[in-house]
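These are the residues of each chain, in order.
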Protein chains: 2
Amino acid sequence: MIDAVTIKDVKLQLGKLCKQKRQNYELSQEELALALGLSRYTIQKFENGKNATLDTALKIANHFNLLEKFYKLLKDVENSNNIDSLY
Amino acid sequence: MIDAVTIKDVKLQLGKLCKQKRQNYELSQEELALALGLSRYTIQKFENGKNATLDTALKIANHFNLLEKFYKLLKDVENSNNIDSLY
DNA sequence: TTGATTTGTTTATTATAATACACAAATATA
DNA sequence: TATATTTGTGTATTATAATAAACAAATCAA
């Protein structure tokens with residue numbers, strides 16, 4: 001019996017992913033922050049699962065080429081919703 | 001030649017999806033806001049593609065049962081990153 | 001070890017998301 | 001139509017995300 005995914009789970013996973021991607025590119029928090037026009041503190045909090053703005057999250061996603069993948073998910077959800085009306 | 005997905009595109013799509021899902025459930029902005037402990041104005045801005053917090057976006061996603069799908073995407077990205085190291 | 005870099009954390013300030021209220025405009029319903 | 005409901009928009013206030021700076025703790029390199 002697996003517990004349902006919580007909002008906190010998602011924020012923690014977002015932070016984990018940011019850290020992983022950042023380290024893949026061998027960037028420090030400072031360097032990533034500079035590249036995105038954010039402060040290191042904002043990156044620091046994001047990586048530790050704190051609340052943030054969509055702009056911050058999407059800037060990070062964009063920097064690691066994940067924006068398109070996320071956008072596609074949203075489009076798929078929208079389309080699967082439309083298809084429902086055909087049944 | 002398709003233009004790259006922008007942060008603005010994603011926010012607009014998030015808003016569009018919220019509106020679509022909300023109308024599927026026959027909820028007014030007011031009712032959705034009440035159900036999530038948010039103000040109608042926050043829903044209003046979200047649906048029109050304005051910036052918001054992760055908490056707001058994830059509360060909405062959770063209400064329409066999209067949290068797990070999103071979490072799975074994040075896990076997949078994390079895992080595909082690990083697999084890379086095997087090649 | 002040692003020094004250098006990175007990360008975690010604190011405090012104070014600024015920018016802005018969220019709230020609460022009102023009211024007009026648009027949509028839906030009788 | 002007329003009425004009710006919903007949505008869009010404005011203003012003021014509050015809550016909080018983001019910034020900036022400093023310093024300690026942890027990690028890495030010489």
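What counts, and at which threshold
- Residues numbered from 1 in each chain as written.
- Chains lettered and ligands numbered in written order.
- Predicted model: local features only at pLDDT ≥ 70, side-chain atom pairs only at ≥ 80, totals over all residues.
- Heavy atoms only, no water.
- Helix = DSSP H or I, 4+ residues; strand = E, 2+ residues; numbered from the N terminus.
- Buried < 20%, exposed > 50% of the residue type's maximum accessible area, 1.4 Å probe, protein only.
- Contact = heavy atoms within 4.5 Å.
- Buried area = accessible area lost by both parts, 1.4 Å probe.
- Salt bridge = Lys/Arg side-chain N within 4 Å of Asp/Glu carboxyl O.
- Polar contact = N/O pair within 3.5 Å; in protein donor to acceptor, adjacent residues only side chain to side chain.
- Least-squares fit on C-alpha atoms with pLDDT ≥ 70 in both.

As recorded by an unreviewed UniProt entry, chain A carries the name Transcriptional regulator and is attributed to Polaribacter porphyrae.

S.K.: What exactly am I supposed to notice about the side chain of B:Glu78 here?
M.R.: Inspection of the secondary structure puts B:Glu78 in helix α5 (residues 67-84). Its relative accessible area of 9% is what places B:Glu78 among the buried residues. Discounting chain neighbours no more than four positions away, the residues touching B:Glu78 are A:Gln13, A:Lys16, A:Leu17 and A:Gln20.

S.K.: Looking at this structure, I do not really get the interface of chain A and chain B. What am I missing?
M.R.: Contacts between the two partners involve 35 residues from chain A and, on the opposite side, 35 residues from chain B. When the two sides are added together, the surface that chain A and chain B hide from each other amounts to roughly 3,600 Å², 68% of it contributed by carbon and sulfur. Our count for the contact surface shared by chain A and chain B stands at four salt bridges. When the shortest N-O distance is used, the salt bridge between B:Glu78 and A:Lys16 registers 3.3 Å. Counting every contact that joins chain A to chain B gives 12 residue pairs in polar contact (both at pLDDT 80 or more).

S.K.: Explain the relation of the copies chain A and chain B to me, please; I cannot follow it from the model alone.
M.R.: In this structure, two copies of a chain are linked by a rotation about an axis accompanied by a shift along it. It takes a turn of 180° to lay chain A on chain B, together with a shift of 0.0 Å along the axis; the resulting RMSD is 0.0 Å. Both chain copies can therefore be described as sitting about a two-fold axis. Taking C-alpha positions as the reference, the residue of chain A nearest the rotation axis is A:Thr53, at 2.0 Å. Looking at the interface residues of chain A, 100% of them are also at the interface in chain B, so both copies use one shared face.

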